[in-house]
Every structure is written in C-alpha cells, then in structure tokens.
Amino acid sequence: HRLYRDLDPENEQHWSALWGLDNTGQEIYGVDGVPDVDVDGLQSLGVQTGSGVVVAVIDDGVDFGRPDLAGQAWVTPGESGGGKETNGVDHDGNGYIDDVNGWDFCHDDKTLHDVNDDFHGTHVAGTIAAKLDGAGIVGVAPNVKVMALKFLGDDQACGWDDQAVEAIEYAASFGVRISNNSWGRPAGSTGEDALLQNAIADSGMLFIASAGNSGINNDTSFLRSVPASFDLPNILGVAAIDNEGFLAGFSNYG
C-alpha cells in the first residue's frame, strides 16, 4: 500500500515557477535553469513544514489578507481572545496596545498592512510561509507563523536604526528564535553601528540578513552592507543566485 502526502506541493498553482524550491531546468524569463540548483524544497516539504515555529519578518509590513497568507499570522498570547484584540488595553504590559500580530515601529501602531507600502514584506512572508493549499504558491515552511514587525517604508520617518533595534528586541522578548531581515545600509564610521550590532548580538536568535544588492565584497569594501557583514556568530548573510547557480550580478558577496 502506497502512502501519499495529504497535500502535494507540485499541485500548487504556480509550482513550476518556483525554481528556487525545485529546479528541474525549467525556463525562467527565457533562461533555462540548471537542475537541482535549489533548496530541495520538494523533498523537505515531505519531511517538515515548520509546525510550531515563529519567524519574525522584520520589514515593511505584511498583508495577511492575501489568500496564501490568511491564517499564517502569529498571535500575541496576551492580546487575543475575549475582545482583547481591539479594546485598546495593553493586556500583557509590554508597552504595545493591541499588538495582536506584531507592531509597526515607524508609525507606532498595530497596523501592519499599509496600502501600497508593504509589497516587500508581504513577498518575503510568502516566500517563507505561503500556505500549502493547492492555490497560488507555497513557502519553504508553510506551517510556520509569521510575526510581522514593520519599521521600513516609503515614509521618511521609517527605516532608522533605533526602530530596527526595537523590532529586534520585541521579537526577542517573545522568545522568537529566527528572523528574516532583507534590508541593510552601508556600514557607518567606527562606533556608529554599535546600537544595531549589539541588539542583534543580544537577541538570542538566528538573524537571517540580506547580503545587499550593490555587487560589492562585504569583506573588503568600505561600503560593506550591515547588518549582514557584522562579525557575529548568529548572523547568516544570504547572497543571491540565478537559476543556473551563478552569483547574481547585483548581489553582494564575501
């Protein structure tokens, strides 16, 4: 008797486009891929889908109204149930009122979906946790819950070190063990990066950071990207490759 997965990722509507999960050599934008230049997503989804794991997406917000992300939001234990979500009371005493699924550290409110200002974070959240439901796409870990922490945005008041630090400390306060951080800036002068670096060092989490998109060597360039190039054991800096396995021309490295 042969046993089957209840839901097969190959049945996802756009599975064939997800070469990063399963590269069979399929053509992407006119370029044939190289088979197995991927993260073995097809195989790993048959083993583990991330149940019980919370991932903090520190970015520009997440639209949980997207069908593939509906129900994928982490829920604050102390701010849910019995109308606590909307009653304007800080039930868990952490300084954030009605922070049901996370917080916006730029605008200092619980609104995680600002129209036309959360495309990046929503895309990232989908790559991580889009549902395995036969529609749309699937994420690398479709059973994780996403804690949405917004500090980036088009607003010039957004995107500052102190806001990023507050988001990191918020995630750490709930014991989150992994965060995705697809953002950065050129390194500052001596001492200028200490606030951000120390927050990451003290977070207790695996800190996944984008290597940067300037095509430079993060080991030698004075424009190296932080936080990816901080010399910390809990940072995993991630560069970009194409579907043939070559370093993307825009990607930092080192």
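The structure we're discussing is the one just above.
A brief structural summary. (Residues numbered from 1 in each chain as written. Predicted model: local features only at pLDDT ≥ 70, side-chain atom pairs only at ≥ 80, totals over all residues. Heavy atoms only, no water.)

Working definition: two side chains of opposite charge can pair if their charged atoms are close together. A complete count under the given rule lists four salt bridges for this structure. Across the pair Asp114 and Lys150 runs a salt bridge whose closest N-O atoms are separated by 3.6 Å. Of this pair, Asp114 sits in the loop between β4 (102–104) and α2 (119–129) while Lys150 sits in strand β5 (residues 145–150), placing them 36 residues apart in sequence. Taking relative accessible area as the criterion, Lys150 reaches 0% and is therefore assigned buried. Note that Asp161 and Arg185 form a salt bridge whose closest N and O atoms lie 2.8 Å from each other. (Salt bridge = Lys/Arg side-chain N within 4 Å of Asp/Glu carboxyl O. Helix = DSSP H or I, 4+ residues; strand = E, 2+ residues; numbered from the N terminus. Buried < 20%, exposed > 50% of the residue type's maximum accessible area, 1.4 Å probe, protein only.)

It is worth spelling out a negative patch on the surface at this point. Taken together, Asp108, Asp162, Glu166, Glu169 and Asp202 make up a surface patch of like negative charges. Relative to the assigned elements, Asp108 resides in the loop between β4 and α2. (Patch = residues over 30% accessible without salt bridge, like charges linked within 9 Å, V, L, I, M, F, W, Y side chains within 5 Å. Areas by Shrake-Rupley, 256 points an atom, 1.4 Å probe, with all protein chains shown as cover. Lys, Arg positive; Asp, Glu negative; His and termini not counted. Charge placed at Lys NZ, Arg CZ, Asp CG, Glu CD.)

With respect to the secondary-structure elements, Val238 resides in strand β10 (residues 235–238). Each C-alpha atom of the pair Val238 and His107 lies 29 Å from the other, and the pair is 131 residues apart in sequence. Look past the residues within four positions of Val238 in its chain and what remains in contact with it is Ile208, Ala209, Ser210 and Ala211. (Contact = heavy atoms within 4.5 Å.)

Next up on the list: the packing of aromatic side chains. Remark: the centre distance and the inter-plane angle together describe each pair of aromatic rings, the angle taken between the planes. Tallied over the entire structure, the rule returns nine aromatic pairs. Between Trp74 and Tyr170, the ring centres sit 6.4 Å apart and the planes meet at 85°, which makes this aromatic pair edge-to-face. Of the two residues, Trp74 sits in the loop between β3 (54–59) and β4 while Tyr170 sits in helix α3 (residues 161–173), which places them 96 residues apart along the sequence. Residue class for Tyr170 comes out buried when judged on its relative accessible area of 2%. (Phe/Tyr/Trp six-rings, centres within 6.5 Å; stacked < 30°, edge-to-face > 60°.)

Pairing between β3 and strand β6 (residues 178–181): three bridges, direction parallel. Bridge pairing in β6 links Ala56 to Ser179. (Pairing = 2+ DSSP bridges.)

Evaluated as defined, the whole model comprises one disulfide. Each disulfide pairs two cysteine sulfurs, and for Cys106 the partner residue is Cys158, the sulfurs being separated by 2.0 Å. Taking the torsion about the sulfur-sulfur bond, which here is approximately -85°, the covalent link between Cys106 and Cys158 counts as left-handed. Residue Cys106 is located in the loop between β4 and α2, and its partner Cys158 is located in the loop between β5 and α3; the two are separated by 52 residues in the primary sequence. Assessed through its relative accessible area of 14%, Cys106 is described here as buried. Relative accessible area serves as the criterion here: at 9%, Cys158 is assigned to the buried category. (Disulfide = S-S within 2.5 Å.)

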